[in-house]
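# Coordinates in review
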Amino acid sequence: YYIKELCKIIDKYGYTNEETGFHIHISAIKTDGVNFNFYKFMLLCDEAKLLSSWQPRVGYSQNVMDILTSHDKLETRKIKTKKGTVWNLEKIASNHVEVKSMGGEGYHKEVKRLTQEFLSYTEYFDETLQKDTSKHKRLFKKHQEQVNALRDDVKARFVSALSTSGIMPDKE
């Protein structure tokens, strides 16, 4: 309902372009035993093609999987932290994420798509809070194999491309 109403207002009084996006914040109330695994959430969203569904908006929502598929969790965290909030999926706090993958020119005219993707993100958020299953273990293993298969020169070239494109600042 709210997505539909907000999009009507944008259509009547505003516009959307390559710099605008629909941001969603999802959080869980902290309770004992709840562990939000952001890495698991990213892999689930990527497998569902949510993170690449819309065009990336340079400087606003780069696909976080671009670094996750070329680096392990620790390296990815360092790169994300250095650059700041240009990624289409951000961990804001231990139990809070921001989704910035949806957007671009005319996105407000795709209410059904926005709504479906919003619901998918919330389902994966809930799934992330549940115990790991064989599906999750398969995703973790597949990602680790992908990272391990990359040559060091490929990783270095990727970091260099990010640095020169303004996506990531030069190393200190």
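See the structure shown above.
The present account deals with the structure reproduced in this document. (Residues numbered from 1 in each chain as written. Predicted model: local features only at pLDDT ≥ 70, side-chain atom pairs only at ≥ 80, totals over all residues. Heavy atoms only, no water.)

### Observations regarding the packing of aromatic side chains
- Tallying each qualifying case throughout the model produces 7 aromatic pairs.
- An angle of 80° between the planes, with centres 5.3 Å apart, marks the rings of Tyr1 and Tyr2 as edge-to-face.
- Their ring planes at 55° and their centres at 5.6 Å tell us that Phe36 and Phe41 sit as a pair that is tilted. There is no split in this pair, since Phe36 and Phe41 are both buried. (Phe/Tyr/Trp six-rings, centres within 6.5 Å; stacked < 30°, edge-to-face > 60°. Buried < 20%, exposed > 50% of the residue type's maximum accessible area, 1.4 Å probe, protein only.)

### Regarding the nonpolar core
- Phe41, Leu89, Met102, Leu114 and Tyr121 are the most contacted members of the largest nonpolar core, which has 32 residues in total.
- Per-element accounting of this core gives the leading share, 7 residues, to helix 2 (residues 38-47). (Core = buried A, V, L, I, M, F, W, Y, C linked by side-chain atoms within 4.5 Å. Helix = DSSP H or I, 4+ residues; strand = E, 2+ residues; numbered from the N terminus.)

### Observations concerning the pairing of strand 1 (residues 21-27)
- The alternating pattern of strand 1 places Phe22, Ile24 and Ile26 on a buried face and Gly21, His23, His25 and Ser27 on a face that is not buried.
- Looking at chain direction, strand 1 and strand 3 (residues 96-103) are connected through 6 bridges and run antiparallel. Paired with His25 across the bridge in strand 3 is Glu98. (Pairing = 2+ DSSP bridges.)

### A few points about the pattern of salt bridges
- Considering all chains together, one arrives at 8 salt bridges under this definition.
- Ionic pairing is found between Lys109 and Asp11, a salt bridge with its closest N-O pair at 2.9 Å. With a gap of 98 residues between them, Lys109 in the loop between strand 3 and helix 5 (111-129) and Asp11 in helix 1 (residues 2-13) connect regions that are remote in the sequence.
- With its nearest N and O atoms 3.4 Å apart, the salt bridge here joins Lys135 to Glu127.
- Taken together, the shared-partner salt bridges connect Glu110, Arg113 and Glu117 into one network. (Salt bridge = Lys/Arg side-chain N within 4 Å of Asp/Glu carboxyl O.)

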